[in-house]
Amino acid sequence: MIDTKLTSEEAIALEDKYGAHNYHPLPVVLDRGEGVYVWDVEGKKYYDFLSAYSALNQGHCHPRIINAMIEQAKKLTLTSRAFYNSVLGEFEKYVTEYFDYDKVLPMNSGAEAVETAIKVCRKWAYEKKGIPESAAKIIVCDGNFHGRTTTIISFSNDDNARDNFGPYTPGFIRIPYNDLDALEEALKQDNVAGMLVEPIQGEAGVFVPDEDYIANAAKMCQESGVLFIADEVQTGIARTGKLLAVCKGCSCEGAKCQSKAGFKPDIIVLGKAISGGAYPVSAILANDEVMNVIQPGQHGSTFGGNPIAAKVAMAALGVVEDEDLANNAQRMGELFRSEMQKIVDSSDLVKLVRGKGLLNAIVINDSEDSSTAWDICVALKENGLLAKPTHGNIIRFAPPLIMTEEQLMDCVSIIGKTIREFEGSN
Ligand SMILES: *Cc1c(COP(=O)(O)O)cnc(C)c1O
């Protein structure tokens with residue numbers, strides 16, 4: 001094979017011809033990443049303002065994470081769970097102490113972890129709560145995004161994600177997000193086993209609910225004897241300025257955040273940044289009374305909890321703590337929103353900015369089916385910053401959490417300049 005690099009055009013043509021068209025990527029072909037930066041095959045440098053949907057909170061190719069992966073890859077990669085391995089127990093102790101739960105169940109993708117939470121919740125409902133067989137219902141919210149499996153898309157209200165994939169899995173009650181009255185009504189139904197919710201709806205366009213929505217929802221679930229399940233796959237691991245977005249009333253300095261919170265979700269779902277974007281790792285965390293309903297043979301995954309995943313996740317969580325990423329996300333997020341607000345105030349093109357920590361979005365002043373947000377993202381790319389529209393007219397901004405103030409201000413000026421150019425040319 002001749003070692004010549006493909007041009008961007010050639011790489012895109014290959015994906016187009018040989019790959020399923022299940023994504024619509026921005027036309028940029030990335031070849032290398034380091035920290036907050038990525039480079040395309042032609043060598044052009046960009047700020048990564050998506051961070052692989054918040055998987056790269058620790059930045060690209062963090063040396064500590066990569067070293068952990070390489071060292072373990074040379075030693076033992078996979079045993080399956082048919083045998084014990086010398087790393088999994090260490091990881092399980094580390095991650096449960098880190099988030100203050102009794103037990104963890106490791107999987108690979110976020111969707112698998114959500115599926116795991118649904119299965120555990122249902123089993124708990126039948127065996128602990130006494131719900132009649134196959135009658136358990138789980139409350140979910142409009143605008144949810146929890147992944148792409150058949151069961152998960154069954155309770156989505158995104159037509160594009162759902163249409164023509166039926167028959168759908170029953171057993172879900174969908175209510176409006178950020179609506180405690182609707183939750184109260186839903187909790188009155190028979191056989192409710194749990195509520196599955198995102199503390200901030202990321203895919204829906206970074207919808208931040210009212211300040212006390214999550215805490216109150218959790219309290220109402222607890223009072224009704226219903227499991228409260230927080231999907232923190234995107235919001236968790238320092239992204240929103242706290243270790244977990246559900247954290248409340250704590251200073252959140254690294255580990256043990258949950259123990260200081262006024263409440264604790266019955267199940268936490270984690271993915272994405274738990275590996276710092278280096279390897280597919282996901283997990284659910286719960287206490288014994290919930291997790292112990294799962295017995296041998298009832299759930300699993302060949303790769304779940306493998307030694308590389310375990311080492312990578314410990315390194316990735318170690319980076320979050322040692323580099324104080326939650327506090328940096330908090331500070332940089334406040335600065336970013338205040339700078340974006342200046343653009344909102346001075347531009348007709350940008351309607352508003354919203355978010356928490358470094359999970360933010362701007363809403364473009366155009367119809368949802370317009371291509372304006374996409375066109376702005378293409379223009380941002382030309383100016384050296386990569387972001388992606390979500391749901392039509394919304395652009396999500398979620399850089400790695402290691403971003404410095406100087407880098408952030410550079411990005412703010414790229415965004416401001418791009419918006420001004422765009423307004424001038426249209
Ligand atoms: C990304 C995401 C998932 C699914 O994770 P995958 O690894 O893509 O399967 C689930 N829930 C939320 C909130 C997410 O953002």
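Quantities reported herein were computed from a predicted structural model and do not represent experimental measurements.

(A) Looking closely at the site of the ligand. Around the ligand, the structure places Ser109, Gly110, Ala111, Phe145, His146, Gly147, Glu198, Asp231, Val233, Gln234 and Lys272. One of the backbone nitrogen or oxygen atoms of Gly110 is found 2.8 Å away from an oxygen atom of the ligand. At 2.8 Å, a side-chain N or O of Gln234 approaches an oxygen atom of the ligand. Looking at the shell around the ligand residue by residue, the class counts come to three nonpolar, five polar and three charged.

(B) Here's a closer look at the packing of aromatic side chains. All told, the structure shown has nine aromatic pairs when counted by the stated rule. With a centroid separation of 5.7 Å and an interplanar angle of 35 degrees, the aromatic rings of Tyr94 and Tyr98 are classed as tilted. Here Tyr94 pairs with Tyr98, and both are found in helix H4 (residues 88-99), just four residues apart, close to one helical turn. Residue class for Tyr98 comes out buried when judged on its relative accessible area of 2%. Each residue in the set Tyr37, Trp39 and Tyr47 is aromatic and connected to the rest through ring pairs, giving one cluster.

(C) How the structure looks around the domain arrangement of the protein. What the domain assignment reports for the protein is domain 1 (8-58 + 325-424) and domain 2 (63-322). Of note, the centres of domain 1 and domain 2, computed from C-alpha atoms alone, are 27 Å apart. Across the contact, 29 residues belong to domain 1 and 29 residues belong to domain 2. Three residues, Gln58, Lys356 and Leu359, lead the burial of domain 1 against domain 2; their summed loss comes to 28% of the area buried on that side. Put simply, domain 1 and domain 2 have one salt bridge between them. Among the salt bridges present, the one from Glu203 reaches Arg396, with a minimum N-O distance of 2.7 Å. Linking domain 1 with domain 2 are 16 residue pairs in polar contact (both at pLDDT 80 or more). Of all the secondary structure elements, the ones that give two or more residues to the side of domain 1 that touches domain 2 are helix H2 (51-54), helix H13 (325-346), strand E11 (350-356), strand E12 (359-364) and strand E15 (394-397). For the side of domain 1 that touches domain 2, the element with the most residues is H13, which contributes five residues.

Thresholds, definitions, all that
- Residues numbered from 1 in each chain as written.
- Predicted model: local features only at pLDDT ≥ 70, side-chain atom pairs only at ≥ 80, totals over all residues.
- Heavy atoms only, no water.
- Near = heavy atom within 4 Å.
- Polar contact = N/O pair within 3.5 Å; in protein donor to acceptor, adjacent residues only side chain to side chain.
- Nonpolar A, V, L, I, M, F, W, Y, C, P; charged D, E, K, R; others polar.
- Phe/Tyr/Trp six-rings, centres within 6.5 Å; stacked < 30°, edge-to-face > 60°.
- Helix = DSSP H or I, 4+ residues; strand = E, 2+ residues; numbered from the N terminus.
- Buried < 20%, exposed > 50% of the residue type's maximum accessible area, 1.4 Å probe, protein only.
- Domains from an automatic or database assignment.
- Contact = heavy atoms within 4.5 Å.
- Buried area = accessible area lost by both parts, 1.4 Å probe.
- Salt bridge = Lys/Arg side-chain N within 4 Å of Asp/Glu carboxyl O.

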